[in-house]
Amino acid sequence: MDAAATGEMGMQHDRQRNPGWIRLIFICLLLSAGSVSAQDWVYTVVPGDNLWNFCQKYLYKVGYWKQIQQINNIKNPKRMQPGTRVKVPMKWIRVNAAHAEVVAVRGEAILIKPDGTRQNDITPGTRITLGDRLETGPESNVAVRFADQSLITLHAESNIRFDHLSAYGDTGMVDSRLHLIDGRSDTRITPASGPGSRFEIHTPSAISAVRGTEYRLSNSQQVQASTFEVLKGKVAVSGEQQTKLLPASFGTRVEAGKPPLPPRKLLPPPTIDELPAKIEQLNWPITWQALDNAAGYRAEISQQADFISPLWQQQVTAARVPLPDLPDGRYYFRLRGIDDIGLEGINQVQQFNLDARPQPPIPLSPNSGQLFRGEQPDLKWSDSSDAVAYRLQISDTPAFDHLLIDRENITSTVFDTAEFKAPGQYYWRLFSIGTDQEQGPVSDSRSWEIKLIPDKPETSLAISESGITTSWRPGIAGQSYQVQLATDADFTTLLQEASLQEPQFILQPVSGQVRYFRVRYVEPDGFEGPWGATQRIDPTPDNSWIYTILTGVLGLLLI
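Since this is a predicted model, take the numbers as computed values, not measurements.

The next point concerns the overall build of the protein chain. Secondary structure summary: the protein chain contains six helices and 43 strands in total. Counting the 559 residues in the protein chain, one finds 46% classified as buried. Long-range contacts, defined as pairs at least 24 residues apart, comprise 58% of the intrachain contacts of the protein chain with a sequence gap of at least 6. With an accessible surface of roughly 27,300 Å², the protein chain has 48% of that area assigned to carbon and sulfur atoms.

Structural data, given as structure tokens:
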């Protein structure tokens, strides 16, 4: 049994669903029209060709040379004219088994042989032969190249079977037929080199036939439906004895037991918002302009512009996605919209440069903007796993255009700011230094503020007929004053407490009672300074407080 016949063994279930004449229609739709029979291969003679070596190289037997000479009216079979086009019936061309080859692997994949043998160590160069089945794990993908250099990328959690792999000798014509059981694939099909070239992908609900194109295909076992999206060329899609020819930028959906939906225009490429020249933060959010009629988006990242083996992909509903944790380097970000029936639209690709390592430490304390009086804080930060040392900058401007400190090779995660005693606002930030002495991106900046502790008020007294007036030096702009009058020196029993805007307080005369008085400055932010000296005010011996004042019976005691 030849390879072509053997390949049909895995496709009997497809024949039952789709009659043979339907399959023929798919292929015929894609065959280019010409003056020769669709069953003829046309060869262009090159220097050194003669009928004998030609037949030996390409045909089942050398004995076909006489028929080839007659069909093509070749006068000199020993020396054919270069550039001459030779027509050869397809049935005479030698057919041999072909294989596919893994060219890239990301994550986990399993190759299952027809006898059930499982190969887990899939690597570039692994051969895939007739009847093999390939499964990919979560966050994984495998790229496979066929004998005619066509490529297919099988994405995460997908399952595909290789039902037919054959080639027509050295003619360049390859026959590849696959069955996507579940999951997603991207295909890049080499243009056909003759009528024997074929590339088909079957799903449980449809068949796609192509001859040189780029398209995406998905099949969901859960919902029993397939989607097809053509990016270049044309694809014939069939289901339930109906065929739709999809041109570039169109797609369709096929549910099990139903014909394909009419071709639908794919969503246009989204507009990605401008990215910085260099992204220096992990998990940087990439944003874009929302598309009308988009139910979601698919975002992908690759190190190569061809996206043969993407590093990462994610499906989102919002018009933003944070970047994953990736090593520094140049990457490509690919984005497309997804419509209400699951068709994925035209790609938009944006290159970006990531330079986020070594990761900066996280400032821990003090809290940004924290105020200190009478003390200086210790600056503390996290210990970055990427760093062997740190660079600390302290400035008196938020733009760090006037540095008070620029210190490198700090190995501790604490810094004493005792030297910064002057009142004012201070700003600080950090950089990590890696093992190769590379300096990473800057951390978030924080600030702290130093203010002086208010002075103790010095109180003076003035005696008048209206009472005793206590006064003190006015505070700085914005300060207010808190006064207390009590019956005890500990001020546990208050007679009066007040907040004043003016630096004086009038005591009403009281006989037969000792009183205590004190005052302090209060900052605009509510900070209360130290109390001034406590003053004791003795009572008068009788009801004549004027007499007491005049005779000096009032005693003032500074406690």
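Following the structure, the description resumes.
Moving on, we get to the pairing of strand β11 (residues 159–167). Burial within β11 is extensive, with nine of its nine residues counted as buried. Pairing of strand β8 (residues 133–136) with β11, which is carried by three bridges, proceeds in the antiparallel orientation. If you follow Leu134 over to β11, its bridge partner there is Ile160. Sheet topology note: the β11/strand β12 (residues 174–188) ladder contains eight bridges and is antiparallel. Across the sheet, the residue bridging to Asn159 is Asp182, located in β12.

Sheet architecture is open: three strands sit in the order β36-β37-β40, paired in antiparallel fashion. Every other strand in the sheet has two partners, leaving β36 (459–464) and β40 (504–507) as the edge strands with one partner each. Strand-to-strand, the axes of this sheet are offset by a mean angle of 25°, without reference to chain direction. Note: strand β37 (residues 467–472) against β40, four bridges, orientation antiparallel. Bridging across to β40, Ile468 finds its partner in Leu507.

Here the focus is the pattern of salt bridges. If you walk through the whole model with that rule in mind, you get 26 salt bridges. With a closest N to O distance of 2.8 Å, Arg216 and Glu229 form a salt bridge. In this pair, Arg216 sits in strand β15 (residues 214–220) while Glu229 sits in strand β16 (residues 225–232), placing the two residues 13 residues apart along the sequence. For Glu229, a relative accessible area of 4% translates into the label buried. Members of the salt-bridge network, linked through shared partners, are Asp186, Arg298, Glu300, Arg334, Arg336 and Glu344.

So, about helix α5 (residues 65–72). Of all the positions in α5, only Trp65, Ile68, Gln69 and Asn72 are classed as buried. Seen end-on, α5 carries its buried residues on one side only, within an arc spanning 100°. Residues of α5 that are buried sit in contact with α4 (51–58) and β2 (85–89).

Detailed reading of the predicted coordinates is not advisable wherever pLDDT falls low. A residue-level look at the protein chain finds 89% of positions with pLDDT of 70 or above and a mean pLDDT of 89. pLDDT under 50 marks residues 1–37. Its contacts with residues more than four places away, or in other chains, come to 62 contacts. Segment residues 543–559 is flagged for pLDDT under 50; beyond a separation of four residues in sequence, or across chains, it makes 34 contacts in the model.

Here the focus is the environment of Asn159. On the secondary structure map, Asn159 appears in strand β11. Each residue touching Asn159, except ones within four places of it in the same chain, is listed here: Arg133, Leu134, Glu135, His179, Leu180, Ile181 and Asp182. Within the structure, the side chain of Asn159 is placed 3.5 Å from the side chain of Arg133, a separation counted as a polar contact.

Attention shifts here to the nonpolar core. Formed by 30 residues in total, the largest nonpolar core has its most connected members in Leu134, Val144, Phe146 and Phe162. No other element matches the three residues that β11 contributes to this core. With residues near it in sequence (within four places) discarded, Phe146 still touches Ala100, Ile152, Phe162, Leu165, Ser176, Leu178 and Phe199. Core analysis: the next-biggest nonpolar cluster, separate from the first, contains 22 residues, Leu291, Ala299, Trp312 and Val321 among them.

Cut-offs used in this document
Residues numbered from 1 in each chain as written. Predicted model: local features only at pLDDT ≥ 70, side-chain atom pairs only at ≥ 80, totals over all residues. Heavy atoms only, no water. Helix = DSSP H or I, 4+ residues; strand = E, 2+ residues; numbered from the N terminus. Buried < 20%, exposed > 50% of the residue type's maximum accessible area, 1.4 Å probe, protein only. Contact = heavy atoms within 4.5 Å. Areas by Shrake-Rupley, 256 points an atom, 1.4 Å probe, with all protein chains shown as cover. Pairing = 2+ DSSP bridges. Axes fitted to C-alpha atoms, helices over the stretch in contact; angles between N-to-C directions. Salt bridge = Lys/Arg side-chain N within 4 Å of Asp/Glu carboxyl O. Arc of directions from axis to C-beta. pLDDT = per-residue confidence, 0-100. Polar contact = N/O pair within 3.5 Å; in protein donor to acceptor, adjacent residues only side chain to side chain. Core = buried A, V, L, I, M, F, W, Y, C linked by side-chain atoms within 4.5 Å.

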